[in-house]
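Below are the chains, spelled out letter by letter.
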Amino acid sequence: MPNRHLTIAGAQLGPIARDETRASCVARMVALLEQAQKRGADVVVFPELALTTFFPRWYFEDEADLNPFYETAMPNADVQPLFDAAKAAGIGFYLGYAERTPEGRRFNTSILVDKSGEIVGKYRKVHLPGHSEHEPWRPFQHLEKRYFEPGDLGFPVFETMGGTMGMAICNDRRWPETYRVMGLQGAEVIMLGYNTPTTYAPVPQHDHLQSFHSHLSMQAGAYQNGSYVVGIAKAGIEEGCMLLGQSCIIAPTGEIVAQASTVGDELIVATCDLDLCKEIKENVFDFDLHRQPQHYGIITEMKKR
């Protein structure tokens with residue numbers, strides 16, 4: 001059996017200003033993709049909302065101010081250069097963006113594009129954090145619940161680029177169900193982008209734990225499901241709000257095998273042996289041998305206690 005090695009690049013982005021154009025964002029991503037090509041990458045993971053600033057930090061009353069942050073088609077003229085560059089390089093990619101459907105529905109979305117430039121997977125963020133009404137006491141807003149609706153596609157996996165791929169977005173990484181649902185479908189690589197403020201206004205005493213909790217969640221998800229997890233940030237001081245960096249690639253053993261050292265545009269790369277997933281899936285966490293789902297019903301029967 002041939003080796004199943006996939007070289008994965010994580011393309012962390014530094015801050016995106018509110019008035020930065022999509023053309024500028026895409027040019028930055030193309031530059032990182034070109035670095036990835038030189039380093040032999042098969043696939044590049046970009047962050048959540050990679051085409052705009054993190055606009056849920058503001059309260060918009062006028063739809064005319066809100067609508068420009070969304071994409072109504074993918075690809076579109078602004079993003080086509082990234083698709084073209086990736087296709088020419090023979091590299092797949094994950095891209096996060098704000099989606100507005102023809103019916104006017106709004107989702108925090110990611111897509112998976114294969115090496116031929118075709119969209120082979122789509123995911124819409126399920127676990128929306130934040131709040132839905134203006135809360136003036138906050139130093140900045142986190143209005144994802146106002147500007148998006150929860151994803152309606154579940155957590156699908158996709159057979160592409162020689163492996164079984166899944167996607168998640170930002171706050172999804174904190175929920176064990178995210179990884180388990182994809183793990184039950186055989187996910188070998190789970191890609192996720194994030195925009196995570198280092199300040200959480202309701203519980204500021206936890207601010208010093210932001211990076212710890214981010215890595216803890218992803219490392220546990222990787223290990224408990226025998227999957228690589230690729231968590232990639234938009235980082236740095238964006239419109240006065242500090243966003244967490246520390247983008248990383250995590251092995252199925254739970255070990256971090258690559259991590260960003262800046263809060264700017266930065267590429268991290270790891271060559272991942274997809275067969276390493278089997279060492280976890282077929283031993284410690286052999287689902288068929290050890291899982292007892294008849295005792296887990298409360299997970300779907302109850303939302304909270």
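Computed from a prediction, not measured in an experiment: that's the story for all the values here.

Observations regarding helix α1 (residues 22-38)
Here α1 is 17 residues long and its end C-alpha atoms lie 24 Å apart, about the 24 Å a rise of 1.5 Å per residue gives. Looking at α1, one finds that the buried residues are R22, C25, V26, R28, M29, V30, L32, L33 and A36. Following α1 by one or two positions, G40 adopts a phi angle in the positive range, close to 80 degrees.

Some remarks on the sheet that holds strand β4 (residues 106-113)
Strand order across the open sheet formed by 6 strands is β5-β4-β3-β2-β1-β14, with mixed pairing between neighbours. Each end of this open sheet is capped by a strand with a single partner; those strands are β5 (119-124) and β14 (266-273). Across the sheet, the mean angle from the axis of one strand to that of its neighbour is 25 degrees, orientation sign disregarded. Bridge analysis of strand β3 (residues 92-100) against β4 gives 8 bridges, and the strand direction is antiparallel. Residue pairing for β4: A98 is matched across the bridge by N108. The strands touched by α1 are β1 (5-12), β2 (43-45), β3 and β14; relative to β14, the strand with the most contacts, the crossing angle is about 40 degrees.

Brief notes about the sheet that holds strand β13 (residues 256-259)
Taken together, 6 strands build an open sheet; the order of strands is β6-β7-β8-β9-β12-β13 and the sheet is mixed. What marks the edges here is a single partner per strand, and that holds for β6 (157-160) and β13. Averaged over all neighbouring strand pairs, the angle between strand axes comes to 20 degrees, with direction disregarded. As paired elements, β6 and strand β7 (residues 163-169) share 4 bridges and run antiparallel to each other. When the bridges of β7 are listed, F158 appears paired with M165. Running over the sheet, helix α6 (residues 210-225) touches β8 (189-194), β9 (228-233), β12 (248-250) and β13 and is turned about 30 degrees from β12.

Some details on the side chain of H142
Structurally, H142 can be placed in the loop between β5 and α4 (144-147). The buried category is assigned to H142, whose relative accessible area is 13%. At 2.9 Å, the side chain of H142 forms a polar contact with the side chain of E144. Non-local contacts of H142, meaning those with residues more than four positions away in its chain, are made with F54, P56, P129, G130, H131 and P197.

Description of the pattern of salt bridges
Note on pairing: side chains with opposite charge can pair once their charged atoms come close. Applying the stated criterion across every chain, the model contains 19 salt bridges. The partner of E99 in a salt bridge is R124, with the nearest N and O atoms 2.8 Å apart. Here the residue E99 occupies a position in strand β3, and R124 occupies one in strand β5, the gap between them amounting to 25 residues. Look at R124 and you get buried, because its relative accessible area is 11%. Across the pair E238 and K234 runs a salt bridge, and its minimum N-O distance is 3.6 Å. Exposure remark for E238: the relative accessible area of 0% places this residue in the buried category. A network of salt bridges, in which partner residues are shared, links E99, R105, K122, R124, E149 and D152.

Description of the nonpolar core
Counting residues in each nonpolar core, the largest one holds 45 residues, and the members touching the most others are I8 and V189. Once you skip the residues sitting within four places of it in the chain, I8 turns out to touch V43, V45, V189, V230, I249, I268, V269, A270 and C272. M29, F46, A86 and L267 belong to the second-largest nonpolar core, a separate cluster that totals 31 residues.

Criteria and thresholds
Residues numbered from 1 in each chain as written. Predicted model: local features only at pLDDT ≥ 70, side-chain atom pairs only at ≥ 80, totals over all residues. Heavy atoms only, no water. Helix = DSSP H or I, 4+ residues; strand = E, 2+ residues; numbered from the N terminus. Expected span 1.5 Å × (residues − 1). Buried < 20%, exposed > 50% of the residue type's maximum accessible area, 1.4 Å probe, protein only. Pairing = 2+ DSSP bridges. Axes fitted to C-alpha atoms, helices over the stretch in contact; angles between N-to-C directions. Contact = heavy atoms within 4.5 Å. Polar contact = N/O pair within 3.5 Å; in protein donor to acceptor, adjacent residues only side chain to side chain. Salt bridge = Lys/Arg side-chain N within 4 Å of Asp/Glu carboxyl O. Core = buried A, V, L, I, M, F, W, Y, C linked by side-chain atoms within 4.5 Å.

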